[in-house]
Amino acid sequence: MSTENELKGLRENIDAIDSQLIELISERARCAEKVADVKSKASENEVALFYRPEREAQVLRSVMERNPGPFSNEEMARLFREIMSSCLALEQPVRVAFLGPEGTFTQQAALKHFGKSAVAKPMGAIDEVFREVAAGAVNYGVVPVENSTEGVVNHTLDNFIESSVRICGEVELRIHHHLLVADTTKIKQISRVYSHAQSFAQCRKWLDANYPTVERVAVNSNADAAKRIKSEWHSAAIAGDMAQDLYDLQPIEEKIEDHPDNTTRFLIIGSESVAPSGNDKTSIVVSLRNKPGALHDLLRPFYENGIDLTRVETRPSRNAKWTYIFFVDFIGHCEDEVVKSVLDSIAANSGDLRILGSYPIAVL
Ligand SMILES: C=C(O[C@@H]1C=C(C(=O)O)C=C[C@H]1O)C(=O)O
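Just so you know, the residues in each chain are numbered from 1, in the order the chain's sequence is written. pLDDT decides what is reported in this predicted model: residues at 70 or higher carry local features, side-chain atom pairs at 80 or more are listed and counted, and totals for whole chains, interfaces and linings draw on all residues regardless. Think of the side-chain values as coming from all heavy atoms in the structure, minus any hydrogens and water.

Caption draft 1: Expanded view of the site of the ligand. For this description, a residue counts as near a given molecule or strand if any of its non-hydrogen atoms is within 4 Å of it. Arg-28, Val-35, Lys-39, Phe-50, Tyr-51, Arg-52, Arg-55, Glu-56, Met-84, Cys-87, Leu-88 and Glu-91 make up every residue found near the ligand. Arg-28 places a polar side-chain atom, nitrogen or oxygen, 2.8 Å from an oxygen atom of the ligand. Arg-52 is positioned such that a nitrogen or oxygen atom in its backbone is 3.0 Å from an oxygen atom of the ligand. Isolated, the ligand exposes 360 Å² of accessible area, and the fraction of that covered by the protein chains is 91%. We define a polar contact as two N or O atoms separated by no more than 3.5 Å, with the added condition that, inside protein, one atom must be a possible hydrogen donor and the other a possible acceptor, whereas residues neighbouring each other in sequence contribute only through side-chain atom pairs. Accessible surface is estimated by sampling points in the Shrake-Rupley manner with a 1.4 Å probe; for residues, cover comes only from the protein chains shown.

Caption draft 2: Examining a negative patch on the surface more closely. Patches were defined on residues exceeding 30% relative accessible area and lacking a salt bridge, with like-charge contacts within 9 Å and nonpolar side-chain contacts (Val, Leu, Ile, Met, Phe, Trp, Tyr) within 5 Å. For this analysis, a salt bridge means a side-chain nitrogen from Lys or Arg found within 4 Å of a carboxyl oxygen belonging to Asp or Glu. As used throughout, the charge tally considers Lys and Arg to be positive and Asp and Glu to be negative, leaving His and the chain termini uncounted. Note that the charge is assigned to NZ on lysines, CZ on arginines, CG on aspartates and CD on glutamates. A contiguous patch of negative charge on the surface is contributed by Asp-183, Asp-241, Asp-245, Asp-248, Glu-253 and Glu-254. Numbered from the N terminus, helices here are DSSP runs of H or I no shorter than four residues, and strands are runs of E no shorter than two. By the secondary structure assignment, Asp-248 is in the loop between helix H10 (241–246) and strand S10 (250–253).

Caption draft 3: Summary view of the sheet that holds strand S8 (residues 215–218). Two strands qualify as a pair provided that DSSP identifies no fewer than 2 bridges between them. If you walk across this open sheet you meet the five strands as S8-S7-S9-S6-S10, and the pairing is mixed. Edge strands, defined here as strands with exactly one partner in the open sheet, are S8 and S10. Strand-to-strand twist in this sheet, taken as the mean axis angle between neighbours without regard to direction, amounts to 35 degrees. Judged from the three bridges that link them, strand S6 (residues 178–181) and strand S9 (residues 235–239) form a sheet pairing that is antiparallel. Counted as the bridge partner of Leu-180 is Ala-237 from S9. Comment: axis = line fitted to C-alpha atoms, over the contacting stretch for helices; angle = value between 0 and 180 degrees taken between N-to-C directions.

Caption draft 4: Region of the structure containing the UniProt feature "site: Essential for prephenate dehydratase activity" (unreviewed entry) in the protein. The positions that UniProt labels "site: Essential for prephenate dehydratase activity" (unreviewed entry) are, in the present scheme, Thr-264. Here Thr-264 lies in strand S11 (residues 263–270). By definition, residues are in contact when any of their heavy atoms lie within 4.5 Å. Those residues within four positions of Thr-264 in sequence are excluded, and the remaining contacts are Pro-144, Glu-146, Asn-147, Val-171, Glu-172, Leu-173 and Ile-175. Among the polar contacts listed, one links the side chain of Thr-264 to the side chain of Asn-147, at a separation of 2.9 Å. UniProt positions are given in the numbering used here, feature names are shortened, and annotations may be inferred rather than shown by experiment.

Caption draft 5: Structural view of helix H2 (residues 53–66). Expected helix span is taken as 1.5 Å per residue step, with the number of steps being one fewer than the number of residues. For H2, which comprises 14 residues, the first-to-last C-alpha distance of 20 Å matches the rise-based estimate of 20 Å (1.5 Å per residue) to within 8%. Taken together, the buried positions of H2 are Pro-53, Glu-54, Glu-56, Ala-57, Val-59, Leu-60, Arg-61, Val-63 and Met-64. The classification of residues rests on relative accessible area computed with a 1.4 Å probe and restricted to protein chains. Under 20% of the type maximum is buried, over 50% is exposed, and intermediate values are partly exposed.

Caption draft 6: Representation of the pairing of S6 within the structure. Side chains His-178 and Leu-180 of S6 all project onto a buried face; the interleaved residues Leu-179 and Val-181 project onto the opposite face, where all are buried too. In this structure, S6 lies alongside S10, joined through three bridges in antiparallel fashion. Looking at S10, one finds that Val-181 is bridged to Gln-250.

Caption draft 7: Seen up close, unusual backbone geometry. Of note, the amide linkage connecting Gly-69 to Pro-70 takes the cis form, showing an omega dihedral of 10 degrees. With respect to the element layout, Pro-70 can be found in the loop between H2 and helix H3 (73–91). Of the consecutive residues Gly-100 and Pro-101, the connecting peptide bond is found in the cis state with omega at 0 degrees. Relative to the helices and strands, Pro-101 resides in the loop between strand S1 (95–99) and helix H4 (105–114). Residues other than glycine seldom take positive phi values, yet Asp-248 does so here, at roughly 55 degrees. Even without a glycine there, the phi angle at Lys-255 is positive, about 50 degrees. Positionally, Lys-255 belongs in the loop between S10 and S11.

Caption draft 8: View of the pairing of strand S3 (residues 140–147). Judged by how many residues are buried, S3 sits mostly within the fold: seven of eight residues are covered. Bridge count between S1 and S3: three bridges; the pairing is parallel. Within S3, the residue paired with Ala-97 across the bridge is Gly-141. Two strands pair when backbone bridges link them, and S3 and S11 are joined in this way by six bridges, in the antiparallel orientation.

Caption draft 9: Region of the structure containing helix H11 (residues 294–304). Where H11 is concerned, the buried positions are Ala-294, Asp-297, Leu-298, Pro-301 and Phe-302. One side of H11 carries all its buried residues, which in axial view fall inside an arc of 140 degrees. Residues of H11 that are exposed and point over 90 degrees away from its buried face: His-296, Tyr-303 and Glu-304. Contacts from the buried residues of H11 go to strand S12 (280–287), strand S13 (309–316), strand S14 (324–331) and helix H12 (337–349). Positive backbone phi, at 65 degrees, marks Gly-306, one or two positions downstream of H11. This arc describes the spread of directions from the helix axis toward the C-beta atoms.

Below you can see the structure in the form of structure tokens.
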């Protein structure tokens, strides 16, 4: 068979499969519309909850389990992520505030978690994301909480102390930084590099080795850095793919982060609690009475009940000098019997305990 004939036959196959896909995707969408009706009727006078993080996590996990290849599990789940995002938009487009401006890694995290049909709103600071969620101006917020190279984002943790918003999900993003220039940049005469302080820290060794003498100027975000160099012929920026595309920049060098597995974890914040998905994490915040063995007493029930701790973080309490607040993440949902009894025994021993939320462990 000639190449042309072979291609023609294969393309006819693809056209036929696409017709079936279109029919099936539309059928799925019609089903999601019916789900919306059921949710609206059931909620009566209350605001209906259209977005269901636990159900979305279950759908993605089961897509990955059933994936026969040749796509990787992640690729297959990403496709379904977008199908679900479109289905949810038929019910009600989800409104999400993120730490802006446009082009930040936090925006990338928001898209990864909610898909492209979400309506995303950039905010100027982490506090503003919290406030926007608390005020009900958006359904959810996305904020960075820790980076594998640079550690915790204190500003996010501190906001939880003051705010009553809940954690509804988490998303992890591999962070790749590039050294970027504009059309007008004179590459041999670069004397200044703009970036966010966290990104400078994540690329410190690379910069020391390759651009030891250039001035490093920390700005509010990588996207801000990318924007500034458009008008400065002697400056470069360190930023990621989104900022590169948004501001039409070119990389001099890609993936300059010192650790190739550089990853940031982001939290999804909202106002509702999330039902168990079958593979969940819980975050709590505890203030401890200042007495010997207090931290040991806090952690012992987890050990005794075989619960995995995934993170313990300390912040100074603003109420009293030399007293501390502990942020603890662990595997399990606050509706699990074993978790309930651990939380009861912590509450009996500690000054103050607040459950920030139980939510599905990041699928993608
Ligand atoms: C369809 C539903 O509503 C939304 C859309 C989902 C989907 O497309 O699979 C899943 C959960 C919800 O965010 C549902 O709750 O089942």
